[in-house]
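Spelled out from the first residue to the last, the chains are:
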Amino acid sequence: MKVAGLNLDIIWKNKTKNFEAIERGLQNQDADLFLLPEMFSTGFCMEASEVSDRHEESFEFLKKISKEKNAAFCGSAPVEQYGKYYNRMYFVQPDGETAFYNKRHLFSFSGEDKVYTPGKNRIIVEYKGIRFLLQVCYDLRFPVFARNNDDYDAILYVANWPEKRVGAWEHLLKARAIENLSFVFGLNRIGTDGNNLVYQESSHCFFADGKEISHKNGNIVSAELNMDELIDFREHFSFLNDRDQFSLQW
């Protein structure tokens, strides 16, 4: 399966222009699954009442472009539902099947936890024979939540992870791949946001041994996820069989 992510310089609080930028950026691209950054339609914004989707604008855009390109799309957007705000990661398939994950770990350093409501469920989506665990940005710092119970093959992280902490982002992506014997694809935004935070190009895909398998061409980062290689690797290095047995409570 080919997965491709768009290193998007998100235009602050402007959904229409971001939708247009995404369509331009992917105009001549082909993949089975496309990734977009965290809060791809607005930027990582704490003014939830101003920017959150009330009519599923971002979700509708994903459904539209998924059908047009005959590919799955995944990315997060701020959403208002029943009087609460969520940082919601969508997974939209071209046949119309959809799933979503509400970000569990909210970034208290920026006050995200004061504005948005944390998700409660760990979401895994199967698409074209690969099981994907959905994760958003700050979730990367919490390995217990992402622990592979032999129930997924790849983790997808979409992020707004600033340049000043990018070393942690890159090291932790590789660590999640190694410890979970899984593909890990982390897509970060680029550019400068409305809070003057700078984001450098730092999107990567790692194989289960920590080797980078992504390729970059302009603002597109892509990787081939080969399940035969992953199955062979897991059979040879069956480390997951020795994992600790525990259950999460919150």
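Refer to the structure above for everything that follows.
Residues numbered from 1 in each chain as written. Predicted model: local features only at pLDDT ≥ 70, side-chain atom pairs only at ≥ 80, totals over all residues. Heavy atoms only, no water.

Draft legend 1. Structural detail: the environment of K2. Among the secondary structure elements, K2 is positioned in strand 1 (residues 2-6). As for K2 and S222, which are separated by 220 residues in sequence, their C-alpha atoms are 7.0 Å apart. Look past the residues within four positions of K2 in its chain and what remains in contact with it is D30, A31, D32, L33, S222, A223 and E224. From its side chain, K2 meets the backbone oxygen of D30 in a polar contact 3.1 Å long. (Helix = DSSP H or I, 4+ residues; strand = E, 2+ residues; numbered from the N terminus. Contact = heavy atoms within 4.5 Å. Polar contact = N/O pair within 3.5 Å; in protein donor to acceptor, adjacent residues only side chain to side chain.)

Draft legend 2. Spotlight on the layout of surface pockets. Considering only enclosed or pocket space, the largest pocket measures out at about 290 Å³ in volume. Surrounding the largest pocket, 20 residues form its lining, F44, F107, S110, R165 and L197 being those nearest its centre. Of the residues contributing to the lining of the largest pocket, the split by class is 12 nonpolar, 3 polar and 5 charged. Along its surface, the second largest pocket is lined by Y86, F100, Y101, N102, T117, P118, G119, K120, N121 and I123. (1 Å grid on protein atoms, 1.4 Å probe; cavity = no way out; pocket = protein on both sides within 12 Å on 5 of 7 lines; lining within 4 Å. Points joined across faces, edges and corners; volume = space filled by probe spheres on them. Nonpolar A, V, L, I, M, F, W, Y, C, P; charged D, E, K, R; others polar.)

Draft legend 3. Geometry of the nonpolar core. Of all hydrophobic cores here, the largest spans 49 residues; its most connected members are L33, F91, F132, L134, L156 and L225. Per element, the largest residue contribution to this core is 6 residues, and it comes from strand 8 (residues 154-159). Among residues more than four places away in sequence, those in contact with L225 are M1, V3, I130, F132, A154, F183, C205 and I213. Within the second largest apolar cluster, 23 residues are counted, among which are F19, F59, Y90 and I220. (Core = buried A, V, L, I, M, F, W, Y, C linked by side-chain atoms within 4.5 Å. Buried < 20%, exposed > 50% of the residue type's maximum accessible area, 1.4 Å probe, protein only.)

Draft legend 4. Structural detail: the packing of aromatic side chains. According to the stated counting rule, one finds 16 aromatic pairs in the structure shown. Between the aromatic rings of F19 and F61, the centroid separation amounts to 4.3 Å while the plane-to-plane angle is 10°, which identifies the pairing as stacked. Taken together, the residues F19 in helix 1 (residues 15-25) and F61 in helix 3 (residues 57-69) connect sequence positions 42 residues apart. What makes F19 buried here is its relative accessible area of 14%. Following the ring pairs from residue to residue traces out a cluster consisting of F183, F207, F233, F237 and F239. (Phe/Tyr/Trp six-rings, centres within 6.5 Å; stacked < 30°, edge-to-face > 60°.)

By themselves, these observations are geometric and do not establish any function.
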